[in-house]
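# Residue-level structure breakdown
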Amino acid sequence: MDAAAPSAPGPVDALLVLSFGGPEGPADVLPFLERVTRGRGVPRERLLEVAKHYEHFGGVSLINSRNRELTERIRVALAEAGLDLPVYFGNRNWHPLVEDTVAEMAAAGVRRALVFATSAYGGYSACRQYHEDIARARAAVGEGAPELVKLRHFFDHPDFVGAAADAVLEAAARLPEERREQARLVFTAHSIPASADVAAGLPAEGGHRYSGQVAEAARLVAESVRVHDYDVVWQSRSGPPSVPWLEPDVLDHLDALHAKAVPAVLVCPIGFVSDHVEVVWDLDNEASERAAEHGMAFARAATAGAATRFARMVVELVREQVEGLPPRGLAASVPSAGFGVDGTPCGPDCCLPATRPRRPA
């Protein structure tokens, strides 16, 4: 890890699961999108376009319910590990807002808590912005706010990689047997502006921490399922065409695979911990429909956060801080980071926002 080393192991009072948030009813959709894009000059027409995606799901994003399920699995896994810790849940962009959750923690007497952010990767939106969320929440609570220690990136943790690999194998079994061997394995993650990816990481490392970690996670999963030839593509871009974002887009890539007569595609959303609108709409709807138009068989792997072993991974990250357990990771050359205390990023110049990408979930 770089810049700030983890604090000395010691007791903690609680664990906070910190996520992006999403609407839970039709009346929430536009206020949620307005909160996500505040100050970024996103035209209202674009917000209304994105809002239509939520209409297909009754105005509800799955992300909150999936995170509540994850929180419960973490509680069970903590108890099984003999760790008596209450688990709280808060969001950046929708209720329960992290400011309210941290206030609740302070009122309950929590003085030092660990924070598990539901993103495996570095970068501004994926990591540094969670540090900003922590600092904002503590400032809102004021005197008496608990110390909040953000846990590290986990893109190469054996249980994250293993959960994703298990999901790939389960999805492959759903493909028609006669096409299974010729299926192309395609990993997807949320696209960001190319300039933001350059800024993702310490300058001495050359940036590109986000895309580099995504690529390494994909490599590790592919290696686990014994696939040597695969693709890493991007999805869910929302910026104007004049601004370069990470490419290729998954839909364009499906067109390219069709031109090569690929008969089936197996998509693994490696960039996402849980199902939400940008998974179930962009992949289960748009990508699957594009594949069907081309006569290609299509299967989408589950997100890793649904697996029991993912919750056990969170407990292991907790034990790194509580007990000094040595961190496990499979990547040989791609750095991990992400740790920070009370909203201070792991490196002072790490993942500075060249632009602020919008990521409604």
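Definitions and cut-offs
Residues numbered from 1 in each chain as written. Predicted model: local features only at pLDDT ≥ 70, side-chain atom pairs only at ≥ 80, totals over all residues. Heavy atoms only, no water. Salt bridge = Lys/Arg side-chain N within 4 Å of Asp/Glu carboxyl O. Helix = DSSP H or I, 4+ residues; strand = E, 2+ residues; numbered from the N terminus. Buried < 20%, exposed > 50% of the residue type's maximum accessible area, 1.4 Å probe, protein only. 1 Å grid on protein atoms, 1.4 Å probe; cavity = no way out; pocket = protein on both sides within 12 Å on 5 of 7 lines; lining within 4 Å. Points joined across faces, edges and corners; volume = space filled by probe spheres on them. Nonpolar A, V, L, I, M, F, W, Y, C, P; charged D, E, K, R; others polar. Axes fitted to C-alpha atoms, helices over the stretch in contact; angles between N-to-C directions. Parallel < 35°, antiparallel > 145°, perpendicular 65-115°, else oblique. Left-handed = near helix turned anticlockwise from the far one by under 90°. Contact = heavy atoms within 4.5 Å. pLDDT = per-residue confidence, 0-100.

For the rest of this paragraph, the subject is the pattern of salt bridges. By the definition in use, this model includes 26 salt bridges. The salt bridge involving Asp 159 is made with Arg 328; its shortest N-O contact spans 3.7 Å. In this pair, Asp 159 is assigned in helix α6 (residues 158–172) and Arg 328 in the loop between α13 (308–323) and β9 (340–341), connecting sequence segments 169 residues apart. Judged by its relative accessible area of 38%, Arg 328 is partly exposed. A salt bridge links Arg 209 to Glu 205; its shortest N-O distance comes to 2.8 Å. Salt bridges sharing partners connect three or more residues here, namely Arg 35, Arg 92, Glu 99, Asp 133 and Arg 136.

Using the criterion set out here, one finds two cavities of 30 Å³ or more in the structure. Lining the second largest cavity, in full, are Phe 160, Ala 164, Cys 268, Pro 269, Ile 270, Phe 272, Ala 302, Thr 303 and Ala 304. Broken down by class, the residue content of the lining of the second largest cavity amounts to eight nonpolar, one polar and no charged.

Here we take up the packing of helix α10 (residues 250–259) against helix α12 (residues 282–293). Packing of α10 against α12 brings their axes to within 9 Å, and their N-to-C directions diverge by 20 degrees. Here α12 runs roughly parallel to α10, going by the angle between their axes. The two elements α10 and α12 cross, and the hand of that crossing is right-handed. Residues Val 250, Leu 251, Leu 254 and Asp 255 of α10 touch α12, and the partners they reach there are Leu 283, Glu 286, Ala 287, Arg 290 and Ala 291. In terms of residue class, the contact of α10 with α12 is built from six nonpolar, no polar and three charged.

Moving on: the confidence of the model for the chain. The predicted model of the chain averages 93 in pLDDT, with 95% of residues at 70 or higher. Under a pLDDT of 50 for its full length, residues 356–361 has, in the predicted model, 41 contacts with residues more than four places off or in other chains.

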